[in-house]
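# Coordinate analysis (summary)
Residues per chain are reported as follows:
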Amino acid sequence: MKFWLDKGVDGFRMDVIPLISKPKGLPDLTPEELRNVGRAYANGPHMHEYLQEMNRNVLSKYDVMTVGEALGISLEETPLMVGDDRHELNMIFNFDAVRINRAGRQWKSWTLPELKAIYAKHAEELDAHSWDTVFLSNHDNPRLVSSFGNDSPECRLPSAKLLETMLLTLRGTPFLYQGDELGMTNYPFKSIEDFNDIEAKNGYKADVATGKVSGADYLANLRHMSRDNARTPMQWNGSAHGGFTTGGKAWLAVNPNYKEINAAQELGDPNSVYRYTQQMIALRHKTPALVYGTYQDLDPANPVIFAYTRTLGADRYLVVLNFSDKPVDYAIPGALQPTELLTTNLGSTEANTPALHLKGWEARVYKY
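Quantities reported herein were computed from a predicted structural model and do not represent experimental measurements. (Residues numbered from 1 in each chain as written. Predicted model: local features only at pLDDT ≥ 70, side-chain atom pairs only at ≥ 80, totals over all residues. Heavy atoms only, no water.)

Tallied over the entire structure, the rule returns two cavities of 30 Å³ or more. Reported here for the largest cavity is a volume of approximately 60 Å³. For the largest cavity, the full set of lining residues is Asn 94, Asp 96, Ala 97, Ile 118, Tyr 119, His 122, Asp 132, Thr 133, Val 134 and Phe 135. If you list the elements that add at least two residues to the lining of the largest cavity, you get helix H6 (112-125) and strand S6 (133-134). Broken down by element, the lining of the largest cavity gets its largest block of residues, three residues, from H6. Class assignment of the residues belonging to the lining of the largest cavity gives a composition of five nonpolar, three polar and two charged. For the second largest cavity, the full set of lining residues is Tyr 119, His 122, Ala 123, Asp 132, Val 134, Leu 170, Arg 171 and Tyr 295. For the lining of the second largest cavity, the element with the highest residue contribution is H6, accounting for three residues. When grouped by side-chain class, the residues that make up the lining of the second largest cavity number five nonpolar, one polar and two charged. (1 Å grid on protein atoms, 1.4 Å probe; cavity = no way out; pocket = protein on both sides within 12 Å on 5 of 7 lines; lining within 4 Å. Points joined across faces, edges and corners; volume = space filled by probe spheres on them. Helix = DSSP H or I, 4+ residues; strand = E, 2+ residues; numbered from the N terminus. Nonpolar A, V, L, I, M, F, W, Y, C, P; charged D, E, K, R; others polar.)

The end-to-end C-alpha separation of H6 is 20 Å, in line with the 20 Å expected for 14 residues at 1.5 Å each. For H6, the set of buried residues is Leu 112, Leu 115, Lys 116, Ile 118, Tyr 119 and His 122. Buried residues along H6 cover an arc of 150° about the axis, so they all sit on one side. Among the structural elements, helix H8 (156-167), strand S8 (294-297) and strand S9 (305-312) are those in contact with the buried residues of H6. (Expected span 1.5 Å × (residues − 1). Buried < 20%, exposed > 50% of the residue type's maximum accessible area, 1.4 Å probe, protein only. Arc of directions from axis to C-beta. Contact = heavy atoms within 4.5 Å.)

With respect to the secondary-structure elements, Arg 284 resides in helix H12 (residues 273-285). Buried within the structure, Arg 284 lacks any salt-bridge partner; its nearest side chain of opposite charge belongs to Asp 132, at an N-O separation of 10 Å. Excluding anything up to four places from it in sequence, Arg 284 contacts Leu 168, Thr 169, Leu 170, Gly 172, Thr 173, Pro 174, Leu 290 and Val 291. (Lys, Arg positive; Asp, Glu negative; His and termini not counted. Salt bridge = Lys/Arg side-chain N within 4 Å of Asp/Glu carboxyl O.)

This brings us to the layout of surface pockets. Empty space within the largest pocket amounts to approximately 890 Å³. Forming the boundary of the largest pocket are 35 residues, of which Asn 36, Leu 71, Phe 95, Arg 99 and Arg 102 lie nearest the centre. Of all the elements in the fold, those that place two or more residues in the lining of the largest pocket are helix H3 (37-41), helix H9 (198-207) and helix H10 (215-225). The calculated volume of the second largest pocket comes to roughly 270 Å³. Taken together, Asn 90, Met 91, Trp 131, Leu 168, Thr 173, Pro 174, Leu 176, Ile 281, Arg 284, His 285, Val 291 and Tyr 292 form the lining of the second largest pocket. Within the residue set of the lining of the second largest pocket, elements represented by two or more residues are strand S7 (173-174), H12 and helix H13 (288-292). Taken together, the residues that form the lining of the second largest pocket break down as eight nonpolar, three polar and one charged.

Right, let's talk about the sheet that holds S8 for a bit. Sheet architecture is open: five strands sit in the order S8-S9-S10-S14-S12, paired in antiparallel fashion. The open sheet has two free edges, formed respectively by S8 and strand S12 (340-344), since each of these has just one partner strand. Here the strands of the sheet are splayed against their neighbours by 20° on average, with no regard to which way each runs. In the packing of H6 onto the sheet, the strands contacted are S8 and S9, and the crossing angle to S9 comes to about 15°. Across the sheet, H12 is in contact with S12 and strand S14 (363-367); its angle to S12 comes to roughly 140°. (Pairing = 2+ DSSP bridges. Axes fitted to C-alpha atoms, helices over the stretch in contact; angles between N-to-C directions.)

What the three strands build is an open sheet, ordered S1-S2-S3; its pairing is parallel. Here the strands that pair on one side only, and so sit at the sheet edges, are strand S1 (11-14) and strand S3 (91-93). In this sheet, adjacent strand axes meet at a mean angle of 20° when their direction is disregarded.

As structure tokens, then:
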């Protein structure tokens, strides 16, 4: 770690760091533990001791940021790893939100109230001394807009922008995975031969080759949730291989939509997902309440509208997100009165009214 820190790196993302300490004797897992192997392997007898030693001997001596991939760590246990007084890590990735659409290896439907409840619980459990993270995608999960938005040609642009609005205004440090800022989508896999991920191939042997699941059903599920969706080459431009390589084939095929969705095209388009994400990052940087402010969900049970406030002293902000394809007339709870529309993903100008007329997948940020 010192080798890289002395070269000037700004921090570390630590893979499955709670598994750093193994139980003495490496005993076989019980049937109950086998139902949640991540939980069984996390929180070993010396985990906190090892992390505190790492912090004491290395991390505390540098201006550095650390984030741990925290497999097996519950929300309630999070402060033990990231609390200011613990001297271990700055923050960890909790997977409650990103895995709301899966049950084991199976894709499942999810509801907006379920997602909102996760963020509300995080705000309750983690205070300013136990910093949170916000993410819905990474190298182990499918593409953001395909999982939590709508990647159809009509809705991809607004829903990708809505999701960036949410990630960059929720409480905690946001993490955006490469390609999210372009609105890259899942790959249209056609056969098991299209996949590279060992998890997908082993699952095929375990489920299809044994007759537990049909090949068609297995592939349909993989198209939704395979890790390879996020591992296709970055789409830099509209040239061969998406500009990723001038050589032969990369480890995976480039998504066929690379000629329409690529960095070069979006840099030149003021209405692109990339340019909108830039605007949202700039808004967050200049607005302390969106970083340090308290969080309140205004309408937890609403099935399509996510409305919440971020408040820091006299600075008050309202975020309203329409998680549906259809327009929605929405009355802000408590007759809360917006005073200034700071940003919207669909060019609306409606302000200073508690009754909003939201387009499908519209996102707005107000001062109030």
